[in-house]
Amino acid sequence: MGYYLAIDIGASSGRHIVGWREEGQLKTKEVYRFPNGVTERDGHLTWDVEALLFHVRAGIAEAQKQFAVSSLSIDTWGVDYVLMKGNHAVLPVYAYRDSRTEGVIPRVHEIMPFAQLYRRTGCQFQSFNSVYQLCADRLAGRLEGVTDFLMIPEYLMYRLCGVKAKEFTNATTTGLVRAQTGEFDMEVADALSLPRHLFPKLQHPGTVIGEYQGIKVLLCATHDTGSAVEGIPMEGEALYLSSGTWSLLGVKTPRPLTDGASMEANYSNEGGVGYNRYQKNIMGMWLINELRRELCPGTDFGTIVREAEKSTFDQTVDADSQAFIAPKSMKAAFDAALGVPLKEADYFRCAYRSLAGSYAKAIRELEASTGKSYERLYIVGGGAKNGFLNRLTAEATGKKVIALPIEATALGNLKIQMEGI
């Protein structure tokens, strides 16, 4: 019997899950969980990659105590990366919520207008896209002497097995992969004066890249949404919503859609395992988490949901507004948007209803762009456990909501390992 280890790391926590097949069924066991989060350093938001590596190794050790692990793979969020000078990381490692790209974006678009970038890469506009982060690094002189840039999971696997690999699904979050070829777009790199040697040939999920303590290290879909979509047991054509700190709503398509309507709706085309993921990165549980942190840090989420259901406050906000991306005070951001005094439960009701409205708007845009109507919406991730939000989503979208409170990302990670070896 083979045992496989999925290491799934999100913006707020990570987990190690061992999977194996037993009587035709995929069985799993969580063996390790650890916290994650951004840290402030010299006025910037950063990731502590050494702490992540410590927990990655500690979780592997715990898995080995219980199972004879055959292979492992790591997935994380996209866009963020570690610059390398040979075998040494260039610190700090900036987090996507940091504001360092704000002054860079106009300069990038002067050289290559976003409409041109979108036609080439099909990557939605986000202020934190890797292309803008790399240009910020270049302007700050951080690329001098740099030999590689590794996305967060690529860096962690490099530290395990000593092999630098560039994986396809995560690369498509950078805004630097040509939609038509599935490889880095050297014309974009050249136009933005980004060194060509940073952009080697991409490798695909299922590729074994090395070993760690006798365990094969394999590329899954290292962008967590890519693995999550692989982990959803979808029937036929359907919408999916990966509901975590961010919400990612989309559908599988045979090829990227880089037309003007898709650009205006800010839909992205990201790599899947044999298909394109036509999806939109929209607001998620960040709203709820930040409101809880500020208003009632000691209150459990079950109580928050029950109180929100009792509230009769029915105003909503534009959940995808820049005002909610990284405010110093989430409460103040809601107050400014609403202009009326709120009770504690009202904030949460407003947030949940606003998220459901955001999902409905995104689905209308998606169906207009694809020319198709979809009956079912599969929801996975932390938000799938929220019955109130699921009901609001069904009402707002008119879709049959199928909530699967499963570790879809870890399941997709494991599936790719099992099929790749």
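Each chain carries its own residue numbering, running from 1 in the written order of its sequence. Per-residue local features of the predicted model are confined to residues with pLDDT of at least 70, and side-chain atom pairs are confined, for both listing and counting, to 80 or more; whole-chain, interface and lining totals are unaffected and use all residues. The basis for every side-chain value is the complete set of heavy atoms in the structure, and neither hydrogens nor water enter the calculation.

## Quick notes on unusual backbone geometry
Negative phi is the rule for most residues except glycine; trans is the rule for most peptide bonds. To keep it simple, the criterion reads: For helices the rule is a DSSP run of H or I covering at least 4 residues; for strands it is a run of E covering at least 2, with both sets numbered from the N terminus onward. Categorising residues by exposure relies on relative accessible area from a 1.4 Å probe, with only protein chains included: less than 20% of the type maximum marks a residue as buried, more than 50% marks it as exposed, and the intermediate range marks it as partly exposed.
Residue Pro92 follows Leu91 across a cis peptide bond; omega there is 5 degrees. With respect to the helices, strands and loops of the structure, Pro92 is situated in the loop between strand 8 (88-90) and strand 9 (93-94). Its identity as a non-glycine residue notwithstanding, Val79 has a phi of 65 degrees, on the positive side. Along the chain, Val79 falls in the loop between strand 6 (69-75) and strand 7 (81-85). Accessibility expressed as a relative area gives 8% for Val79, which makes it buried. Despite not being glycine, Ser193 shows a phi value in the positive range, around 60 degrees. Position of Ser193 relative to the elements: it lies in the loop between helix 7 (186-191) and strand 11 (208-212). Assessed through its relative accessible area of 44%, Ser193 is described here as partly exposed.

## Points about the pairing of strand 14 (residues 246-253)
To be explicit about the condition: DSSP bridges decide pairing: two strands pair if at least two such bridges lie between them.
By the criterion of burial, strand 14 is predominantly enclosed, with seven of the eight residues buried. Judged from the four bridges that link them, strand 13 (residues 239-243) and strand 14 form a sheet pairing that is antiparallel. Counterpart to Leu241 in the pairing with strand 14 is Leu249. In sequence, strand 13 turns back onto strand 14 through a hairpin of two residues. Pairing geometry for strand 14 and strand 16 (residues 276-283), over eight bridges, is antiparallel. Of the residues in strand 16, the one forming a bridge with Ser247 is Ile282.

## So, the packing of aromatic side chains
Going by this rule: Pairing of aromatic rings covers Phe, Tyr and Trp, the last counted by its six-membered ring, and requires centre-to-centre distances within 6.5 Å; plane angles under 30 degrees mean stacked, over 60 mean edge-to-face, and any other angle means tilted. For a ring to carry a charge above it, either NZ of a lysine or CZ of an arginine must fall within 6 Å of the ring centroid while also lying within 35 degrees of the normal to the ring plane.
Under the definition given, this model contains 20 aromatic pairs. Ring geometry for Tyr96 against Phe128: centres 5.3 Å apart, planes inclined by 65 degrees, an arrangement best described as edge-to-face. You can see Tyr96 sitting in the loop between strand 9 and helix 2 (105-111) and its partner Phe128 sitting in the loop between helix 3 (114-121) and helix 4 (130-139), a full 32 residues away along the chain. Each member of the pair, Tyr96 as well as Phe128, is classed as buried. By way of ring pairs, the aromatic residues Trp47, Trp77, Tyr96, Phe128 and Trp246 are connected into one cluster. Just above the ring of Trp286 sits the side chain of Arg97; from NZ or CZ to the centre is 3.6 Å. When the ring centre of Tyr275 is taken as origin, the NZ or CZ atom of Lys252, which lies over that ring, is 4.6 Å away.

## A look at empty space enclosed by the protein
For clarity, the cut-off: Each cavity reported here is a set of points on a 1 Å grid over the protein atoms alone in which a 1.4 Å probe fits but cannot get out, each pocket an open set with protein on both sides within 12 Å along at least five of seven lines, and each lining residue one with an atom within 4 Å of a point. Grid points are joined across faces, edges and corners, and a volume is the space filled by probe spheres set on the points. Think of it as three bins: nonpolar holds Ala, Val, Leu, Ile, Met, Phe, Trp, Tyr, Cys and Pro, charged holds Asp, Glu, Lys and Arg, and polar takes everything else, Gly as well.
Under the criterion given, the structure shown has two cavities of 30 Å³ or more. Lining the largest cavity we find Tyr81, Val82, Leu83, Val90, Pro92, Val93, Tyr94, Arg100, Gln133 and Arg142. If you list the elements that add at least two residues to the lining of the largest cavity, you get strand 7 and strand 9. It is strand 7 that contributes the most residues to the lining of the largest cavity, three residues altogether. When the residues that make up the lining of the largest cavity are grouped by side-chain class, the tally is seven nonpolar, one polar and two charged. By volume, the second largest cavity amounts to about 30 Å³.

## Description of the sheet that holds strand 14
Our working definition: Geometry is summarised by axes, namely lines fitted to C-alpha atoms with helices restricted to the contacting stretch, and by angles between N-to-C directions that run from 0 to 180 degrees.
A sheet is described by the order of its strands in space; here six strands give the open sequence 15-16-14-13-17-18, paired in mixed fashion. Single-partner strands in this sheet number two, and they are strand 15 (268-271) and strand 18 (400-403). Sheet twist, expressed as the average angle between the axes of neighbouring strands with direction ignored, equals 30 degrees. Summarising the sheet, strand 17 (residues 376-380) and strand 18 pair through four bridges and their orientation is parallel. Paired with Leu377 across the two strands is Val401, which belongs to strand 18.

## Topic: the sheet that holds strand 5 (residues 44-47)
Spatially, three strands are ordered 4-5-9 in an open sheet, and the strand pairing comes out antiparallel. Because the sheet does not close on itself, it has two edges, and the strands there are strand 4 (39-41) and strand 9. Bridge count between strand 5 and strand 9: two bridges; the pairing is antiparallel. Residue Trp47 lies in a different strand from strand 9, and its bridge partner there is Val93.

## A word on the packing of helix 10 (residues 286-295) against helix 13 (residues 344-370)
Selection criterion: Put simply, angles under 35 degrees are roughly parallel, angles over 145 are roughly antiparallel, angles from 65 to 115 are roughly perpendicular, and the rest are oblique. Contact between two residues is taken to exist if any of their heavy atoms lie within 4.5 Å; hydrogens are not considered.
Two elements in contact, helix 10 and helix 13, have axes whose closest approach is 10 Å; the angle formed by their N-to-C orientations is 170 degrees. Relative to helix 13, the element helix 10 lies roughly antiparallel. Contact with helix 10, carried on its side by Leu287, Ile288, Leu291, Arg292 and Leu295, involves Glu344, Tyr347, Phe348, Ala351, Tyr352 and Leu355 of helix 13 and no other residues of that element. Considered class by class, the residues forming the contact of helix 10 with helix 13 number nine nonpolar, no polar and two charged.

## Here we look at the side chain of Ser73
To keep things clear, this is the line we draw: Whenever two N or O atoms come within 3.5 Å, that pair is a polar contact, provided that in protein one can donate a hydrogen and the other can accept it, and provided that, for residues adjacent in sequence, both atoms are side-chain atoms.
Within the secondary structure layout, Ser73 lies in strand 6. On the basis of relative accessibility, which here comes to 0%, the residue Ser73 falls in the buried class. Polar side-chain contacts of Ser73 include one of 2.9 Å to the backbone nitrogen of Cys220. Residues contacting Ser73, with those up to four places away along its chain left out, are Leu5, Ala6, Ile7, Met157, Leu218, Leu219, Cys220, Asn413 and Gln417.

Read these as geometric descriptors, not functional statements.
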